Amino acid sequence: MDPILLVLATLDGIAYAALVFLVAVGLTLIFGVMRILNVAHGAFYAIGGYAAASLVLSISDADFSPWLSFPALLVAAMGVGAALGLVIERFLLRHIYAKEEVLQLLVTFAAFMILEDVQRLVWGVQPYSATDPVRLLGTVDVMGIPYNAYQIILLPVIAVMVLLGLRWFLRRTLSGKVITAVTEDRETAIAMGIDARKVFTVTFVIGAVLAALGGALASPTTAIQLGLGAEMIVLSFAVVATAGLGQVEGAALAALLIGLGRSFAVYLVPELDVLVPYMIMVLVLLFRPQGLFAVAEKRRI
Amino acid sequence: MRLVRYLPAVLVLAVAVLPLAVPWLKIVLTVALAKGLAVLGVVVLLRAGQVSFGHAMFFAASAYSAAFLMRGFAGADLVVLLLAGMVCSGTLGAVIGLFVVRYRYIFFGMLNLAFSMVLYALLEKMFHITGGSDGMAVGRPTYLGLELARTSFETALFYTSLGLAGAACWFVHRFLCSPLGEALSAIRTNETRLEYLGISARWILLIAYVLSAVLAGLGGSIIAVNQGVVTPDLGYWIRSGEFVFIAILGGAGHVLGAFAGALIYELVRFYAAAMAANVWQMILGFVLLGIILFASRGIVGLYRDLAALASGSRSHREPLR
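## Examining the overall build of chain B
Helices and strands together make up the secondary structure of chain B, namely 13 helices and 2 strands. The C-alpha atoms of chain B give a radius of gyration of 19 Å, which matches the 20 Å a tight globule of 321 residues would have. The principal-axis extent of the C-alpha atoms belonging to chain B is close to 55 × 45 × 40 Å. Expressed as a percentage of its 321 residues, the buried residues of chain B come to 51%. A separation threshold of at least 6 residues defines the contact pool for chain B, and within that pool the share at least 24 residues apart is 80%.

Okay, here's the thing in structure tokens:
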């Protein structure tokens, strides 16, 4: 393989993995704490992207400094994530915590269907993209190849910061330890006086903000359009399943594995690029049904 | 009050006779029956407490097998197309089933979704073989060796579908009452005990999975011939979601629920979708939430309540299957 292509594929893979990680880590965090797989997570990603693109576009229309587009990405993600997360947790999930697993899955699926049409109603069918942030940061030379700094510096830095931040939050702060306690053993945690409902709300909002952040950061380089949410939920599920449900650090490695696998496929076998993430997942699951980093649960009778 | 007891029979009769009076209804009802077959497949898996978010892949696989057959052998017979579709979807179901029956709940649902997304992407990308998003045309096959004109073919297809739907209902009903079907329900209630009885849960689930794939495939072949064109959309996740939706709407307590759900869904969609094209998914989502939260036994449950009310006894409450 041409060394230039090799470098390009690696860079693409890292940039892509950073975005997928942000979405996947939110998904896995929510699952770890609440034992619910949030299918609507893909919609959070897409809506975060739409909101960020609209905000950045309106900033450039209003002739404000284009540098404002960076805080705009963040604000859009936080706003969308917090609003959607709160509404869905409060008015929907709260009623189904005691129900069967199948029904919980169906409820988040219904939320996903509803949000899909919300996107259609608000943003229509044309793709959105806001390229200002990419243009502003310019390019850097990586081994003689110019590559845009937004994708190869900013995105991975943010992903690593989120990973380290989450680790610190979950292990070193009281709120984080409370969340970990509920993850480990919900009943005992409640018996110790922890308000599990509050923990659920906080976790769900954090997860939703992370998904929306993924979408917002994707909007400068990806055309945000209908159907993106479905692709992302399946892909981030592949990442989360490969790592093992509930594994935060594992999700980072799995995202890197799948991101690199996909970008190499784009250059080597372009017809199969959509297949590669699932092939990786299937291969891993064939040999380790619990995922790479998860510990097998004991059978309960 | 007797009327309530005969309601299902009256409805079946109405479905069979109405197209004679209202010819354009044939196409809509044929689509409803085809989807009903796929929904029946989803219902079989719901018996085991598993939900598949990717069953449209079997629908699409057999629809495309019909398209390829018609392209390869112009003037193939409908019977051949239906059989080929069942073989094709059954084989695909066996291969994918070998993998997915190792998993339950979230993994089962999402792995099915992942496989269906792969099939969808392949159908769309390999445009030199599958025609990409434009799809492929499906010519009109002969009917038991007869070359029928368009309207008489549509009539024949409708009554064939009705017959097949009836046969499928009977078969699945018998299957669910059999020891195999009871073992399938046991996967949902207590899988570990099932294994202690010496019965392999994976094996049972695999059999059910192949059966449900074949049912979905049968529906897919009918749709392909009925519409005269196949597109990757047949295998898109929205279609799979539709099947799950109809299964929950109909209620999984009885096999007829699948078809009751499909008929109501298709008729409402026929009239309402044009008015509410942009919010159709949203309406489905809200109705789905409503059913899950407030009437989790679906149409079958409502009918049973009604029947119990009519006969004066209290209905026996059944959980959602």
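There is more to say after this.
## A closer look at the overall build of chain A
Counting its secondary structure elements, chain A contains 12 helices and 2 strands. Along chain A, helices (α) and strands (β) appear in the sequence α-α-α-α-α-β-β-α-α-α-α-α-α-α when read from the amino end. Here the C-alpha atoms of chain A give a radius of gyration of 19 Å, agreeing with the 19 Å that 2.2 N^0.38 yields for 301 residues. Dimensions along the principal axes, computed over C-alpha positions, put chain A at roughly 60 × 45 × 35 Å. Restricting to contacts in chain A with at least 6 residues of sequence separation, those with at least 24 account for 76%.

## Here we look at the interface of chain B and chain A
With 30 residues of chain B in contact, the opposing surface of chain A contributes 30 residues. Contributions of two or more residues to the side of chain B that touches chain A are made by helix H5 (105-125), helix H10 (237-250) and helix H12 (280-294) of chain B. For the side of chain B that touches chain A, the element with the highest residue contribution is H5(B), accounting for 11 residues. Of the residues belonging to the side of chain B that touches chain A, the class tally is 21 nonpolar, 7 polar and 2 charged.

## Points about the environment of B:Gly301
Residue and element names in this part refer to chain B. Among the secondary structure elements, Gly301 is positioned in helix H13 (residues 298-311). With 22 C-beta atoms packed within 10 Å, Gly301 lands in the buried category. Taking the C-alpha atoms as reference, Gly301 lies 36 Å from Ala84; in sequence the two are 217 residues apart. Apart from the residues within four sequence positions on either side, Gly301 is in contact with Gly251, Gly253 and Ala295.

## A look at helix H2 (residues 25-47) of chain B
For H2(B), with 23 residues, the first-to-last C-alpha span of 32 Å sits near the 33 Å given by 1.5 Å per residue. Among the 23 residues that make up H2(B), 20 are buried, leaving the element largely enclosed by the rest of the structure.

## Concerning the pairing of strand S1 (residues 139-142) of chain A
Residue and element names in this part refer to chain A. In terms of strand pairing, S1 meets strand S2 (residues 145-148) through 4 bridges, oriented antiparallel. Looking at S2, one finds that Val142 is bridged to Ile145. Where S1 folds back on S2, the antiparallel hairpin that results is connected by 2 residues, among which Met143 adopts a positive phi of roughly 50°.

## Notes on the nonpolar core
The nonpolar side chains of a soluble globular protein tend to be buried, and buried together. Ranked by size, the top nonpolar core spans 210 residues in total, and within it A:Val20, A:Phe21, A:Ala52, A:Ala212, A:Val239, A:Ala255 and B:Ala247 carry the most contacts. When neighbours within four sequence positions are excluded, A:Val20 is seen to be in contact with A:Leu235, A:Ser236, A:Val239, A:Ala255, A:Ile258 and A:Gly259.

## Details of the packing of helix H3 (residues 69-91) of chain A against helix H9 (residues 196-218) of chain A
All names here are of chain A. Where H3 contacts H9, the two axes come as close as 7 Å, and the packing angle between them is 140°. Between H3 and H9, the interaxial angle falls into the category oblique. As for how H3 packs across H9, the hand of that crossing is right-handed. Listed contacts from H9 to Leu73, Ala76, Ala77, Met78, Val80, Gly81, Ala82, Leu84, Gly85, Leu86 and Glu89 of H3 are Phe200, Thr201, Phe204, Val205, Ala208, Val209, Ala211, Ala212, Leu213, Ala216 and Leu217.

## A few points about unusual backbone geometry
Despite not being glycine, A:Arg35 has its phi angle at roughly 60°, a positive value. For A:Arg35, a count of 15 C-beta atoms within 10 Å corresponds to the partly exposed category.

## Topic: the packing of H10(B) against H12(B)
All names here are of chain B. Two numbers describe how H10 lies on H12: the axes approach to 10 Å, and their chain directions differ by 40°. H10 and H12 meet at a crossing whose hand is left-handed. Every residue of H12 that contacts H10 at Phe245, Ile248 and Leu249 is listed here: Leu284, Leu288, Ile291 and Ile292. Per-class residue counts for the contact of H10 with H12 are 7 nonpolar, no polar and no charged.

## What about the environment of A:Gly259?
Residue and element names in this part refer to chain A. Along the polypeptide, Gly259 turns up in helix H11 (residues 248-268). Taking the C-alpha atoms as reference points, Gly259 and Ala15, separated by 244 residues in sequence, lie 8.1 Å from one another. Those residues in contact with Gly259 that sit more than four places away from it in its chain are Gly13, Ile14, Tyr16, Ala17 and Val20.

## Observations concerning the confidence of the model for chain B
Residue and element names in this part refer to chain B. Per-residue confidence for chain B gives a mean pLDDT of 82, with 95% of residues at or over 70. Averaged over each element, pLDDT in chain B is lowest for helix H1 (residues 2-21) (74) and highest for helix H9 (residues 201-227) (91). Predicted complex metrics record ipTM = 0.79 and pTM = 0.82.

So, how was this worked out
Residues numbered from 1 in each chain as written. Chains lettered and ligands numbered in written order. Predicted model: local features only at pLDDT ≥ 70, side-chain atom pairs only at ≥ 80, totals over all residues. Helix = DSSP H or I, 4+ residues; strand = E, 2+ residues; numbered from the N terminus. Rg over C-alpha atoms; globule rule 2.2 N^0.38 Å. Buried ≥ 20, exposed ≤ 12 C-beta atoms within 10 Å, placed from the backbone. Contact = placed C-beta atoms within 7 Å. Nonpolar A, V, L, I, M, F, W, Y, C, P; charged D, E, K, R; others polar. Expected span 1.5 Å × (residues − 1). Pairing = 2+ DSSP bridges. Core = buried A, V, L, I, M, F, W, Y, C linked by C-beta atoms within 7 Å. Axes fitted to C-alpha atoms, helices over the stretch in contact; angles between N-to-C directions. Parallel < 35°, antiparallel > 145°, perpendicular 65-115°, else oblique. Left-handed = near helix turned anticlockwise from the far one by under 90°. pLDDT = per-residue confidence, 0-100.

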